[in-house]
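Structure assessment
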Amino acid sequence: MIRVVLPPPLRILAHTSAEISVEVHGPVTQRSVLDAVEHRYPMLRGTLRDQDTQRRRPLVRFFACEDDLSNEAPDTPLPAEVADGKEPLLIIGAIAGG
């Protein structure tokens, strides 16, 4: 099981706690984890990535093992600690404004 930590607005939308677990079959990548999250929580479709282009939303960031993975290719394997369930994939809502 892959551990995923959601930001507060998405927790409310998904009616869940901060950390969720999803099952991924095959390589553990951003794409496969987000596919699993959207499958289990369909109300989150379109909130993390554009549904047409599959690109990350501008104010959504991905972190794991203290590294910013936001600009990694969607099919790049996530760190082994995430794939093994030892560390979560953190989804962070960036803050913008002046």
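Described in the following lines is the structure provided in the data block. The residue numbers shown here count from 1 along each chain, following its written sequence. Selection of residues for local features in this predicted model requires a pLDDT of at least 70, selection of side-chain atom pairs for listing and counting requires 80 or more, and totals for whole chains, interfaces and linings are taken over all residues. Values reported for side chains reflect all heavy atoms of the structure, with hydrogen atoms and water molecules removed beforehand.

A word on the overall build of the protein chain. Assigned secondary structure in the protein chain consists of 3 helices and 5 strands. Overall, the protein chain shows an N-to-C arrangement of helices and strands of β-α-β-α-β-β-α-β. Restricting the calculation to C-alpha atoms gives the radius of gyration, and the globule rule supplies 2.2 Å times the number of residues raised to the power 0.38. Taking 2.2 N^0.38 as the reference for a compact globule, 98 residues should give roughly 13 Å; the C-alpha atoms of the protein chain span a radius of gyration of 12 Å, in line with that estimate. In terms of overall dimensions, the protein chain has a C-alpha envelope of 35 × 25 × 25 Å along the principal axes. Burial here depends on accessible area, computed with a 1.4 Å probe over protein chains only, as a share of the maximum for the residue type. Under 20% is buried, over 50% is exposed, and the range in between is partly exposed. Relative to its full complement of 98 residues, the protein chain shows a buried share of 35%. By definition in these notes, contact holds between two residues if any of their heavy atoms fall within 4.5 Å. Taking as baseline every contact in the protein chain between residues at least 6 positions apart, the subset at least 24 positions apart corresponds to 48%. Values of accessible area rely on a 1.4 Å probe in the Shrake-Rupley scheme; residue burial ignores everything except the protein chains shown. Of the accessible surface of the protein chain, which amounts to about 5800 Å², a share of 53% is contributed by carbon and sulfur atoms. Per the convention used, a helix needs a DSSP run of H or I reaching at least four residues, while a strand needs a run of E reaching at least two, with both numbered from the N terminus.

Another aspect to go through is unusual backbone geometry. Positive phi is not limited to glycine here, since H15 has a value of about 55°. Phi is positive for Q54, close to 65°, though the residue is something other than glycine. The residue Q54 is located in the loop between helix 2 (30-40) and strand 3 (60-64) in this model. For Q54, a relative accessible area of 26% puts it in the partly exposed group.

Below, the discussion takes up the pairing of strand 5 (residues 89-93). On a regular strand, one side chain projects to one face of the sheet and the next to the other, so that they alternate. Only when DSSP finds a minimum of two bridges between them are two strands counted as paired. The pairing of strand 1 (residues 2-5) with strand 5 spans 2 bridges and is parallel. Of the residues in strand 5, the one forming a bridge with V4 is L89. Relative to strand 5, strand 3 runs antiparallel, the two sharing 4 bridges. Among the inter-strand pairings, R61 is bridged to a residue of strand 5, identified as I92.

With that settled, consider helix 2. Along helix 2, the positions that sit buried rather than exposed are Q30, S32, V33, L34, A36, V37 and E38. Contacts made by the buried residues of helix 2 are with strand 1, strand 2 (19-22), strand 3 and strand 5.

Looking at the element boundaries, Q30 is found in helix 2. Taking the relative accessible area as the measure of exposure, Q30 reaches 6% and is therefore buried.

I2, V4, V22, V33, V37 and I91 are the most contacted members of the largest nonpolar core, which totals 24 residues. No other element matches the 4 residues that helix 2 contributes to this core. The residues contacting I91, other than those within four sequence positions of it, are V4, V5, L6, P7, L34, L48, V60, R61 and F62. Residue types Ala, Val, Leu, Ile, Met, Phe, Trp, Tyr and Cys, when buried and joined through side-chain atoms within 4.5 Å, form a set referred to as a nonpolar core.

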